[in-house]
Amino acid sequence: MEDTIEVILQDHSRVLSTDRPHPAFSACLGALFTGVYGVWSLFATPGFRRVPWRLKVPYLPSSKDQTLNIMKLLEGRTGRLADLGSGDGRVVFTASSAGFRCTGFEINSILVTYARSKAHWRGVPSGQATFVNKDFWKTDLSAYNNVTAFLAPGVMEVLGEKLLKELPDDARVIACRFPFPDWPQESSAGSGLDQAFAYDMGSVRSHLRKEPNTAV
């Protein structure tokens, strides 16, 4: 984007003799940036005021490779899956097509509406893919034996504490891009920004019991 703007400005300077940007050009450029920011904020920020500041995570969709890495780490598993911060639903749709009964938790009502519309258009049964406009931090996740999360590094420790309290020992947790601190990884898939990490709750609890001053 910066390179594109620089090219525009260079072309503009050849046409106009003054060194100062033309007012009409400046107004158009400002309107463009305002419009882009407005569209982004519609998807990134609704529902934020319902979540404590330290737990806020902006919307950032999973890439295709990241979603494939998630599914690699879920191979051989079945049951119910919770996607924490499901966004436009791409992880939920992929997992439901593999046989999981999925629930996408999302506080952004616009994204929830979009994901529900997409599910209806695709003909996905509600028993396979459900999208709820709920704060997963305030939801008991004990009914799920698979959990996926693409959040932010600053909330992973707090999320770990919640999952330790609620998930059964046979549950598997997939963290995208940002691993849980102090949790032993069962396996991982991919690399760089698309890397995903798998954790089995029974192994995590067993490991943490051996650590001094760790509550499990």
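Structure's up top.
In this report, we go over the structure that sits alongside the text. (Residues numbered from 1 in each chain as written. Predicted model: local features only at pLDDT ≥ 70, side-chain atom pairs only at ≥ 80, totals over all residues. Heavy atoms only, no water.)

## So, a negative patch on the surface
Here is step 1 of the chain: A contiguous patch of negative charge on the surface is contributed by E157, E161, D182 and E211.
Here is step 2 of the chain: Considering the arrangement of structural elements, one finds D182 in the loop between β5 (172-176) and β6 (187-189).
Here is step 3 of the chain: For D182, a relative accessible area of 64% corresponds to the exposed category. (Patch = residues over 30% accessible without salt bridge, like charges linked within 9 Å, V, L, I, M, F, W, Y side chains within 5 Å. Areas by Shrake-Rupley, 256 points an atom, 1.4 Å probe, with all protein chains shown as cover. Salt bridge = Lys/Arg side-chain N within 4 Å of Asp/Glu carboxyl O. Lys, Arg positive; Asp, Glu negative; His and termini not counted. Charge placed at Lys NZ, Arg CZ, Asp CG, Glu CD. Helix = DSSP H or I, 4+ residues; strand = E, 2+ residues; numbered from the N terminus. Buried < 20%, exposed > 50% of the residue type's maximum accessible area, 1.4 Å probe, protein only.)

## Observations regarding the nonpolar core
Here is step 1 of the chain: Grouped together as the largest cluster of nonpolar side chains are 27 residues, with contacts concentrated most on L84, L159, F180 and W183.
Here is step 2 of the chain: Looking at this core, the element that brings in the most residues is helix α6 (residues 156-166), giving four residues.
Here is step 3 of the chain: Residues contacting L84, with those up to four places away along its chain left out, are F105, F136, L141, V147, T148, A149, F150, L151 and L159.
Here is step 4 of the chain: If you look at the next biggest cluster of nonpolar residues, it comprises 22 residues, including V91, F93, V112 and A129. (Core = buried A, V, L, I, M, F, W, Y, C linked by side-chain atoms within 4.5 Å. Contact = heavy atoms within 4.5 Å.)

## Description of the packing of aromatic side chains
Here is step 1 of the chain: As enumerated under the stated definition, the model contains seven aromatic pairs in all.
Here is step 2 of the chain: Ring centres of F105 and Y144 lie 6.1 Å apart, and the angle between their planes is 80°; on these two criteria the pair is classed as edge-to-face. With F105 in strand β2 (residues 101-105) and Y144 in the loop between β3 (129-132) and β4 (146-149), this residue pair connects regions lying 39 residues apart in the sequence. Both residues of the pair, F105 and Y144, count as buried. (Phe/Tyr/Trp six-rings, centres within 6.5 Å; stacked < 30°, edge-to-face > 60°.)

## A word on the side chain of R205
Here is step 1 of the chain: Inspection of the secondary structure puts R205 in helix α7 (residues 201-209).
Here is step 2 of the chain: Among the polar contacts listed, one links the side chain of R205 to the backbone oxygen of L164, at a separation of 2.7 Å. (Polar contact = N/O pair within 3.5 Å; in protein donor to acceptor, adjacent residues only side chain to side chain.)

## Concerning the pairing of β2
Here is step 1 of the chain: Of all five residues that make up β2, four are buried, and the element is covered over most of its length.
Here is step 2 of the chain: Relative to β2, strand β1 (residues 80-84) is paired through five bridges, and the arrangement is parallel. Its bridge partner being in β2, R80 is matched across the sheet by R101.
Here is step 3 of the chain: With respect to chirality, the unit in which β1 leads through helix α4 (residues 90-97) into the neighbouring parallel β2 is right-handed.
Here is step 4 of the chain: Where the polypeptide runs from β2 across helix α5 (residues 109-122) and back to β3, its parallel neighbour, the crossover connection is right-handed. (Pairing = 2+ DSSP bridges. Right-handed = clockwise from strand over helix to strand, strands pointing away.)

## Quick notes on the environment of T103
Here is step 1 of the chain: Along the chain, T103 turns up in strand β2.
Here is step 2 of the chain: Spatially, the C-alpha atom of T103 lies 6.3 Å from that of D83, the residues being 20 residues apart in sequence.
Here is step 3 of the chain: The residues contacting T103, other than those within four sequence positions of it, are R80, L81, A82, D83, V92, T130, V132 and Y144.
Here is step 4 of the chain: At 3.2 Å, the side chain of T103 and the side chain of Y144 are in polar contact.

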